[in-house]
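# Working through the structure, step by step
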Amino acid sequence: MTDRYHHGDLRRALIAAAVEAIAESGPSALSLRAVAKRAGVSHAAPAHHFGDKAGLLTAVAAEGYDRFADALERAWEATGDFVEVGVAYVRFAIDNKAYFETMFRPELLHEDDPDLQRAESRSNDALVRGAGAQRPDAAFNAEALGAWSLVHGFAGLLMGGNFPQVVKDDPEAALREIATHVRFGKHS
């Protein structure tokens, strides 16, 4: 449980309390009243700062996307390797489950929120950086979308406990091995 809020950044304290609550029960079960209690503030404080549950979840998701983008950017800068960006994706999901579960639940969020849109765009840019450029008029980057589908599906299956123990023991090595068998890009 977070330290009870006294003075300082109430918005930050409420987001931290929400992340803790989400880690315990998932984003759908989040209650503004429970977040207020966890943060040690009046039950009206979350609504005052975020408007509604979706507003608070949107703030959590935006913060999550920024943290996610940071992790992906660090992986790219350190390695220049698209596979290692995918490994960073999975590592983020494992280490930041509450954020990850919230970020990919658009039905719970205010999708038109400018902070959320900026953070999503930043994380998308970090994710597709290594996918290579396709035709500028292409509706989507097939290589990036395929890689995203693979790592997101892998992360979801892993967090759901669906893999054998050998994969659970070292998911990063397993993903790297999978990447050697999956080829994205033009086929000869």
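Use the structure listed above.
Summarised in this report is the structure supplied together with it. This one's a predicted model, so the numbers in the text were calculated from it and none came from an experiment.

With that out of the way, let us pick up the overall build of the protein chain. Helix and strand content of the protein chain: 10 helices and 0 strands. If you list the helices and strands of the protein chain from N to C, you get α-α-α-α-α-α-α-α-α-α. With 188 residues in all, the protein chain has 40% of them scored as buried. Partitioning the intrachain contacts of the protein chain with sequence separation of at least 6 by distance along the chain shows that 68% fall at a separation of at least 24.

Moving on to the packing of helix α5 (residues 82-95) against helix α10 (residues 171-181). Interaxial distance between α5 and α10 falls to 10 Å at its minimum, and their mutual angle equals 145 degrees. Considering the relative orientation of α5 and α10, their crossing is right-handed. When α5 is examined against α10, the residues Val-83, Glu-84, Gly-86, Val-87, Val-90, Arg-91 and Ile-94 are found in contact with a partner set consisting of Pro-171, Glu-172, Leu-175, Arg-176 and Ala-179. By residue class, the composition of the contact of α5 with α10 is 7 nonpolar, 1 polar and 4 charged.

A separate point is the pattern of salt bridges. Throughout the structure, instances matching the rule amount to 13 salt bridges. Residue Arg-122 pairs with Asp-66 through a salt bridge whose shortest N-O separation is 3.1 Å. With a gap of 56 residues between them, Arg-122 in helix α7 (residues 114-128) and Asp-66 in helix α4 (residues 53-79) connect regions that are remote in the sequence.

Turning our eyes to something else, we now look at the layout of surface pockets. When its volume is computed, the largest pocket comes out at roughly 280 Å³. Around the largest pocket sit 17 residues that line it, and Tyr-65, Phe-104, Glu-120, Asn-124 and Trp-148 are the ones nearest its centre. Sorting elements by how many residues they give to the lining of the largest pocket places α7 first, with 5 residues. When the residues that make up the lining of the largest pocket are grouped by side-chain class, the tally is 12 nonpolar, 3 polar and 2 charged.

This brings us to the packing of aromatic side chains. Applying the stated rule across the entire model yields 8 aromatic pairs. Each ring, one from Tyr-89 and one from Phe-100, has its centre 5.8 Å from the other, and the planes form 85 degrees; the classification is edge-to-face. Of this pair, Tyr-89 sits in helix α5 while Phe-100 sits in helix α6 (residues 97-103), placing them 11 residues apart in sequence. The burial state of Tyr-89 is the same as that of Phe-100; both residues are buried. On the numbers, 6.5 Å between centres and 45 degrees between planes, the contact of Phe-104 with Trp-148 is tilted. With Phe-104 in the loop between α6 and α7 and Trp-148 in helix α8 (residues 142-159), this residue pair connects regions lying 44 residues apart in the sequence. Classification of Phe-104 as partly exposed rests on a relative accessible area of 22%. Taken together, the aromatic side chains of Tyr-65, Phe-68, Tyr-89, Phe-92, Phe-100, Phe-104 and Trp-148 make up a single cluster linked through ring pairs.

What follows is about the nonpolar core. In this structure, Leu-14, Leu-30, Leu-56, Leu-72 and Phe-154 are the most contacted members of the largest nonpolar core, which totals 52 residues. The element contributing the most residues to this core is α4, with 11 residues. Among all residues touching Leu-14, those that are not within four sequence positions of it are Val-35, Ala-39, Val-41, Ala-45, Pro-46, His-49, Phe-50 and Leu-56.

Every buried residue of helix α2 (residues 32-39) is listed here: Leu-32, Val-35, Ala-36, Arg-38 and Ala-39. Across the axial projection of α2, the buried residues extend over an arc of 165 degrees, all falling on one side. Along α2, exposed side chains directed more than 90 degrees from the buried face belong to Arg-33 and Lys-37. The inward-facing, buried residues of α2 abut α1 (10-25), α3 (45-50) and α4. Just downstream of α2, Gly-40 is the residue with a positive phi angle, here 75 degrees.

Conventions we followed
Residues numbered from 1 in each chain as written. Predicted model: local features only at pLDDT ≥ 70, side-chain atom pairs only at ≥ 80, totals over all residues. Heavy atoms only, no water. Helix = DSSP H or I, 4+ residues; strand = E, 2+ residues; numbered from the N terminus. Buried < 20%, exposed > 50% of the residue type's maximum accessible area, 1.4 Å probe, protein only. Contact = heavy atoms within 4.5 Å. Axes fitted to C-alpha atoms, helices over the stretch in contact; angles between N-to-C directions. Left-handed = near helix turned anticlockwise from the far one by under 90°. Nonpolar A, V, L, I, M, F, W, Y, C, P; charged D, E, K, R; others polar. Salt bridge = Lys/Arg side-chain N within 4 Å of Asp/Glu carboxyl O. 1 Å grid on protein atoms, 1.4 Å probe; cavity = no way out; pocket = protein on both sides within 12 Å on 5 of 7 lines; lining within 4 Å. Points joined across faces, edges and corners; volume = space filled by probe spheres on them. Phe/Tyr/Trp six-rings, centres within 6.5 Å; stacked < 30°, edge-to-face > 60°. Core = buried A, V, L, I, M, F, W, Y, C linked by side-chain atoms within 4.5 Å. Arc of directions from axis to C-beta.

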